[in-house]
Amino acid sequence: MFTPVLCVDTTAYGQDYVPYIKETRGQKFVKAEEKKEKTVYDDEFEKLLAEAEHQGGSMEDGDIDALAEILGASSLLGSVDITSCSRPGLETGLKSPLADIRAAKVEQEVDMTEVNEIEVEETVAQIKNNDSSLTTCCFNNVQMDTEMVDSITSAMVRNTSVTKLEMCNCGVVDANIEGFITMLRSNKTLTSLSLETNKIAGKFLVELIKCLDTNETIKELRIANQYYSTGVGDEMAIAKALDKNSSLCKFSLNWKNGGSRNTADRIIMRNNDLARKKRRGLA
């Protein structure tokens, strides 16, 4: 069977003639009701999500929160308060082989299994008597009631010898914060205060930081790993309050909001630079 062939005389159109080819440019039209939003994560986060789903089971909100906290991708999820990995051992989401670096750092600094044999009442008496031989008080891992904590802060108000006070994992609660605020406003000798691994809510941590606006001697403050998780609003208020202090050179908190953390980092760097200039006599 004969098949006709269309022959085109290119000489009639010139040497630059290009045959027409139908081509669709731009994006394909999709009806509005068919569009579906998709959250875009970075490559590492997508990889972990795929591996978790491949192992079996569907990903729930708690699982994604846990992965986001581990990878520092909280801002990608738009979460207001991610709590999955804020307290080691109490995770509610997917248990990943990747360790929480910030939590591990807290555990290295303060051993929660170490037995503290300090005589609390005798030490409090030394603080009240302003014993010059007592410069460091370590009450870590000693569970106290509210009255005992208040007695320590009251004794520290007029003390002029203790420069370092450690009260990590001592059962400090919100009701004790007023005593610490009074202590920090009155004491002009204390340079280091550690209150990690206690039960202090975010709004009371904010009040604690606000009282540092008149304190020019405190150089180190550690309040990370609290039982209660801080919200974004609390962290923003903490970062704002830190800006009014110029002596704090070391600060620890389990940040969840990247913007507040970056603001606090810049403030601490500024204070360290000011301290360096003072040591060299440049300020």
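Read on for an overview of the structure. Owing to the predicted nature of the structure, the values given are computational and were not obtained by experimental measurement.

With that settled, consider the nonpolar core. Counting 45 residues, the largest nonpolar core has Phe139, Leu165, Met167, Leu193 and Phe251 as the members making the most contacts within it. Put simply, the parts of the chain that give this core at least two residues each are α5 (120-128), α6 (146-156), α7 (177-186), α8 (202-210), α9 (232-242) and α10 (258-279). At five residues, the largest contribution of residues to this core is made by α7. What leucine 193 contacts, discounting residues up to four positions off in sequence, is Leu165, Phe180, Met183, Leu184, Ile218, Glu220, Leu221 and Arg222.

Spatially, β1-β2-β3-β4-β5 is the arrangement adopted by the five strands of the open sheet, whose pairing is parallel. A strand with exactly one partner marks an edge of an open sheet, and here the two such strands are β1 (136-138) and β5 (250-252). Each adjacent strand pair in this sheet contributes to an overall mean axis angle of 5 degrees, direction not counted. As paired elements, β1 and strand β2 (residues 164-166) share three bridges and run parallel to each other. Across the sheet, threonine 136 pairs through a bridge with lysine 164, a residue of β2.

Parameters and conventions
- Residues numbered from 1 in each chain as written.
- Predicted model: local features only at pLDDT ≥ 70, side-chain atom pairs only at ≥ 80, totals over all residues.
- Heavy atoms only, no water.
- Core = buried A, V, L, I, M, F, W, Y, C linked by side-chain atoms within 4.5 Å.
- Buried < 20%, exposed > 50% of the residue type's maximum accessible area, 1.4 Å probe, protein only.
- Helix = DSSP H or I, 4+ residues; strand = E, 2+ residues; numbered from the N terminus.
- Contact = heavy atoms within 4.5 Å.
- Pairing = 2+ DSSP bridges.
- Axes fitted to C-alpha atoms, helices over the stretch in contact; angles between N-to-C directions.

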